[in-house]
Amino acid sequence: MPKRTTIRDLQKAAESRKLTMVTAYDAFSARLVDEAGIDMALVGDSLGTTVQGRANTLGVSLEHTLYHTEIVARCAERAFVIADMPFGSYQCGENAAVANCIAAIKAGAQGVKLEGGARVSKLVHRLTQAGVPVMGHIGFTPQSINATSGPRLNKEEETLVADAKLLAESGAFSLVLEMVPTEISRRITETCGVPTIGIGAGPHCSGQVLVFFDMLGYSPEFTPRFLKRYMNFKEQALGALKKYKSEVEGGKYPGPEHSY
Ligand code: KIV
């Protein structure tokens, strides 16, 4: 069995190289992320949009997250697995929030991720005291889209820097910076004292995260500026499926080499 990545491994690695995190939801994505040597597998609540076909992440339930976390933790043997706590699972009073995060650890995650700055800092402190490693998430926080009347980024530099500092002081072992302007994420990375993982936050973060399906080209219509597509999955998969259909219909498959 490969050795499971620990927080200490991540912190040590961050001293000499950039960290990588990619989302994973099932055996297929978890095994690929693990085999590629990606440091962290995030069971993102992007599950809602990518796997469940929802318009946003708000409908993801704790049960969905626990189900997918259990699969990813079983199939990714080496990566540090983080459960992205879904909307409602940690805004329900501190005791219930702690119990829900512990359920994610029991499902196999090594840590949990929560969206928000100052408003979750007390909870971050309590979780870390309870032995639950927490990754913070500031900048664009998709779970707030109703409260902010659509996808809006908090770009106010002093608030972002203060949130990052508070989360790190509260015990967060790392922070996701989503769509944070490059110079602000540089300042946060240089001052907050824990590794920062950027998405649309420029090159100065301690590491980067991308959504599995987005980086592999599963949804070519999704084209944010920050996204680099490393393959054209949809095009290749569609081509393969169409070829299969035409070969079966034309009597070309199965041939003698595929028959018993
Ligand atoms: O849910 C998710 O995939 C995320 C990443 C974009 C950081 O939160």
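Notes on the structure follow.

Thresholds applied
Residues numbered from 1 in each chain as written. Predicted model: local features only at pLDDT ≥ 70, side-chain atom pairs only at ≥ 80, totals over all residues. Heavy atoms only, no water. Patch = residues over 30% accessible without salt bridge, like charges linked within 9 Å, V, L, I, M, F, W, Y side chains within 5 Å. Areas by Shrake-Rupley, 256 points an atom, 1.4 Å probe, with all protein chains shown as cover. Salt bridge = Lys/Arg side-chain N within 4 Å of Asp/Glu carboxyl O. Helix = DSSP H or I, 4+ residues; strand = E, 2+ residues; numbered from the N terminus. Buried < 20%, exposed > 50% of the residue type's maximum accessible area, 1.4 Å probe, protein only. Pairing = 2+ DSSP bridges. Expected span 1.5 Å × (residues − 1). Axes fitted to C-alpha atoms, helices over the stretch in contact; angles between N-to-C directions. Parallel < 35°, antiparallel > 145°, perpendicular 65-115°, else oblique. Left-handed = near helix turned anticlockwise from the far one by under 90°. Contact = heavy atoms within 4.5 Å. Nonpolar A, V, L, I, M, F, W, Y, C, P; charged D, E, K, R; others polar. Core = buried A, V, L, I, M, F, W, Y, C linked by side-chain atoms within 4.5 Å. Near = heavy atom within 4 Å. Polar contact = N/O pair within 3.5 Å; in protein donor to acceptor, adjacent residues only side chain to side chain.

So, about a nonpolar patch on the surface. On the surface, Tyr244, Val248 and Tyr253 cluster together into a nonpolar patch covering about 290 Å² of accessible area. With respect to the secondary-structure elements, Tyr253 resides in the segment after α10 (233–249). Of the residues examined, Tyr253 reaches a relative accessible area of 36% and is grouped as partly exposed.

What follows concerns the pairing of strand β8 (residues 207–210). Relative to β8, strand β1 (residues 19–23) runs parallel, the two sharing four bridges. Opposite Thr20, over in β8, you have Gln208 as the bridge partner. Of the strand pairs in this sheet, strand β7 (residues 196–199) and β8 are connected by two bridges, and their pairing is parallel. From the neighbouring strand, Ile197 faces β8, where its bridge partner is Gly207.

Let's shift gears to helix α4 (residues 62–75). Here α4 is 14 residues long and its end C-alpha atoms lie 20 Å apart, about the 20 Å a rise of 1.5 Å per residue gives. Buried within α4 we find Leu62, Thr65, His68, Thr69, Ile71, Val72, Ala73 and Cys75.

Here we come to the packing of helix α7 (residues 157–169) against helix α8 (residues 182–191). Closest axis-to-axis distance for the α7/α8 pair is 10 Å, and the angle between their directions is 30°. Classified by the angle their axes make, α7 and α8 are roughly parallel. Viewed along their axes, α7 and α8 form a crossing whose handedness is right-handed. Across from Glu157, Glu158, Leu160, Val161 and Ala164 in α7, the residues of α8 making contact are Ile184, Arg187 and Ile188. Here the contact of α7 with α8 is composed, by residue class, of five nonpolar, no polar and three charged.

Moving on: the nonpolar core. Counting residues in each nonpolar core, the largest one holds 33 residues, and the members touching the most others are Met85, Val112, Leu114, Leu127, Leu175, Leu177 and Ile188. Residue assignment for this core shows that the elements contributing at least two residues are α5 (94–106), α6 (118–129), β5 (134–139), α7, β6 (174–178) and α8. Counting residues per element, this core draws most heavily on α7, which supplies five residues. Apart from the residues within four sequence positions on either side, Leu175 is in contact with Gly136, Ala164, Leu167, Cys192, Val194, Pro195, Thr196 and Ile197.

If you check the shell around the ligand, you find Thr23, Leu42, Gly44, Asp45, Ser46, Asp84, Lys113, His137, Ile199 and Val211 and nothing else. At 2.9 Å from an oxygen atom of the ligand is found a side-chain nitrogen or oxygen belonging to Asp45. When the ligand sits alone it has 260 Å² of accessible area, and the protein chains cover 94% of it. Taken together, the residues of the shell around the ligand break down into three nonpolar, four polar and three charged.

Right, let's talk about the sheet that holds β1 for a bit. Pairing within the closed barrel is parallel, and its eight strands lie in the order β1-β2-β3-β4-β5-β6-β7-β8. The sheet shows a mean angle of 25° between the axes of neighbouring strands, taken without regard to direction. In terms of strand pairing, β1 meets strand β2 (residues 40–43) through three bridges, oriented parallel. Its bridge partner lying in β2, Thr23 is registered against Leu42.

Shape is all these values report; function is a separate question.
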